[in-house]
Amino acid sequence: MKIQPRNKRELMAAALGRIECDFAVTNCRYLNLFTGEEYPATVYIHDGFVVHVEPNPKSAPEKAKQVVDAGGRYILPGLIDAHVHIESSLMTPPVFASAVVPHGVTCVITDPHEIGNVLGEEAVVYMHDAGSDLPMYQFIDIPSCVPSVPGLEEAGASFDASVIDRLAKLPHVIGLAEVMDFLGVVDGEDRMMEIIDAAERNGLYLQGHLPAGFGRLVSAYRIGGPLTCHETGRPGEALDKLRAGMYVDARESSMCYNLPTIWNDVKDLPWRDRLSLCTDDREADDILANGQLDLVLRNIIKLGMDPIEAIRAATLHPAQEAGLENLGAVAPGYVANFLLVDDLEQFTVHAVYFEGREVAREGRLLTAIPRRQFAVEQKNSVNAPDLTLEDFRLRAPAGCGDRVRINVLTYGDYTSLTRIESEELPVKDGFVDISGDDELCFAMVVNRYGTGNRTFGLVRGFGLARGADGSTISHDCHNLTLVFRDPESALAVYNQLRSVGGGICAAENGKVVCTLALPVGGLMSADPAEQTAAAATAMKQALRELGLEMTNPLLRIATLALPVVPAAKFTDLGLVDVMKKAFVPIFPEN
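The text that follows walks through the structure, step by step, so that each part is easy to find. (Residues numbered from 1 in each chain as written. Predicted model: local features only at pLDDT ≥ 70, side-chain atom pairs only at ≥ 80, totals over all residues. Heavy atoms only, no water.)

### Some thoughts on the packing of aromatic side chains
Move 1: Tallied over the full model, the rule gives 13 aromatic pairs.
Move 2: With centroids separated by 5.9 Å and ring planes inclined at 75 degrees, the aromatic side chains of Phe-392 and Phe-484 adopt a geometry described as edge-to-face. Highlighted residues: Phe-392 in the loop between strand S17 (364-365) and strand S18 (403-411) and Phe-484 in strand S24 (residues 480-484), separated in sequence by 92 residues. For the pair Phe-392 and Phe-484, a shared accessibility class is recorded, and that class is buried.
Move 3: By way of ring pairs, the aromatic residues Phe-392, Phe-442, Phe-456, Phe-484 and Tyr-494 are connected into one cluster.
Move 4: Taking the ring centre of Tyr-411 as reference, the NZ or CZ of Arg-556 above it sits at 4.1 Å. (Phe/Tyr/Trp six-rings, centres within 6.5 Å; stacked < 30°, edge-to-face > 60°. Helix = DSSP H or I, 4+ residues; strand = E, 2+ residues; numbered from the N terminus. Buried < 20%, exposed > 50% of the residue type's maximum accessible area, 1.4 Å probe, protein only. Lys NZ or Arg CZ within 6 Å of the ring centre and 35° of its normal.)

### A look at the sheet that holds strand S26 (residues 511-517)
Move 1: Taken together, the nine strands give an open sheet; going across it, the order is S20-S19-S18-S22-S21-S24-S23-S25-S26, and neighbouring strands pair in mixed fashion. The open sheet is flanked by strand S20 (431-432) and S26, the only strands paired with a single partner.
Move 2: Of the pairings in the sheet, the one linking strand S19 (residues 418-428) to S20 comprises two bridges and is antiparallel in character. Residue Lys-428 lies in a different strand from S20, and its bridge partner there is Phe-431.
Move 3: Against the sheet, helix H15 (residues 487-500) makes contact with strand S21 (440-446), strand S23 (468-471), S24, strand S25 (503-508) and S26, and its axis sits at roughly 150 degrees relative to S25, the strand it touches most. (Pairing = 2+ DSSP bridges. Contact = heavy atoms within 4.5 Å. Axes fitted to C-alpha atoms, helices over the stretch in contact; angles between N-to-C directions.)

### Here we look at the pattern of salt bridges
Move 1: Under the defined criterion, the tally for this structure stands at 32 salt bridges.
Move 2: Between Asp-386 and Arg-498 there is a salt bridge, with its nearest N and O atoms 2.8 Å apart. Of this pair, Asp-386 sits in the loop between S17 and S18 while Arg-498 sits in helix H15, and the two are 112 residues apart along the sequence.
Move 3: For Asp-386, a relative accessible area of 64% corresponds to the exposed category.
Move 4: For Arg-454, the salt bridge identified is with Asp-391, shortest N-O distance 3.1 Å. Remark: Asp-391 occurs in the loop between S17 and S18 and Arg-454 occurs in strand S22 (residues 454-460); sequence separation between them is 63 residues.
Move 5: On the basis of relative accessible area, Arg-454 is assigned to the partly exposed category, the value being 37%. (Salt bridge = Lys/Arg side-chain N within 4 Å of Asp/Glu carboxyl O.)

### Structural notes on helix H2 (residues 93-100)
Move 1: Along H2, seven of the eight residues are buried, which leaves the element largely enclosed by surrounding structure.
Move 2: Looking at H2, one finds that the buried residues are Pro-93, Pro-94, Val-95, Phe-96, Ala-97, Ala-99 and Val-100.
Move 3: Elements in contact with the buried residues of H2: strand S7 (105-110), helix H4 (121-130), strand S8 (137-142), helix H11 (284-290) and helix H16 (529-545).

None of this, on its own, says anything about what the molecule does.
This is the structure we're talking about:
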């Protein structure tokens, strides 16, 4: 995709100095991302585009209507997030823009598969339209896996090749979003092959999702079509993927911190031109307090990456992988999305320019973002059935006596990777009793799209010590998911989430202690960023007080029902063996 100027002849005339350009940026330190050089320069801007860069200028700028003195600061391209889910910020697209633009982010490549799973095509169109006419670009990759694995879960929609064909016509659509059903790709299953064919037929690039991908699996997946992967977290993974010609989108989200492992993999390579940076899932309070892609950039520089290369990984490389021909550099013919930055390592953003207009300065947005109304924002997407207290007691199979064997979803650490362990547990009055084991919790996934499906089992190592944690953010189906120690607290959370239209909720002793209401698709709030951030901070504190002592307890529950991340997950249809794509009984034969 190339962003076209209104008048190319006029840009060329401005480049030649035959007409006055709109303004020139002087007294700046210029980093050439094509050659690796740094030198003083004057940068000429006209009609939203860079028209000329004069190295080592000997005189004042000529043919410029205005002059902007950079004060000796660096002039750099606006940051480009290679892969992000705006829904995971808990903010709607316009509110998200208000939060990230002051951090120097002028473009994101967003995958709206979260709300796509909830409300289907209408939701993708909403994210496209709500993300337009903002002081940044929000390009759309069409969700490829709605639901993530058909037959293993039920979401609010189902996308096939015909949906890809229709959504590809939207002007800001540039790619096919993370192809999570990697087994469906490498096994050549019809559904994924047809979706990939539709994307390629429409000229879209293909984002990938290959957790724990090594060797022949990487080769087969790359042949299948996906070009990128942000699910890279194990030693050796980044090296295997780069060697296969894939782009590795090095991720630092609000719950996944992959930079150290990836950097250790690649630090001795002579070329890293296919390493990009992304955030994937970063929440409102984290963005406002710590940053967005600018934080990822600072952190990889701290690990040892040269600042110029790190800036390439946050600008030029993401543009190249997504086929954005004239974004990611400050150079002739490129859109004038640029930053004035005081220091490369601290990456303090002084000013942000978008399409040649200053839109933020010293952390403050200068361009008002109008509040627009969208019908999707008014829909209640939580259609879950009435449940009683009895529904939150796990009944043991008849005739099992005072002990029962049960397959328990087990966490090994604080990552999203889980496995199945078979355990024998006590039975009291016909119900499974976990009162004597502090590491066990009940887990329930309830379909919130009116099917009536629900799964009830046990989870070990989740971290909850008491009460209940519930959420309608449950990647990627976003069914209503609960983890709890007592039925009374679970029922309180369940009813609260139904009443507020979705979000995250915590309860203790049968009473709600905190709610983060996210009524837009059960995923986002249209409230100002500061308000949503404060509510998220309060929610995290409430969860920590229930025992979830971790950096970010908010999304601990979010991947419990994600059947594309090894090795086992719960969905609304049952307990899933991810690698076999098969259901496992909660109660095996006793």
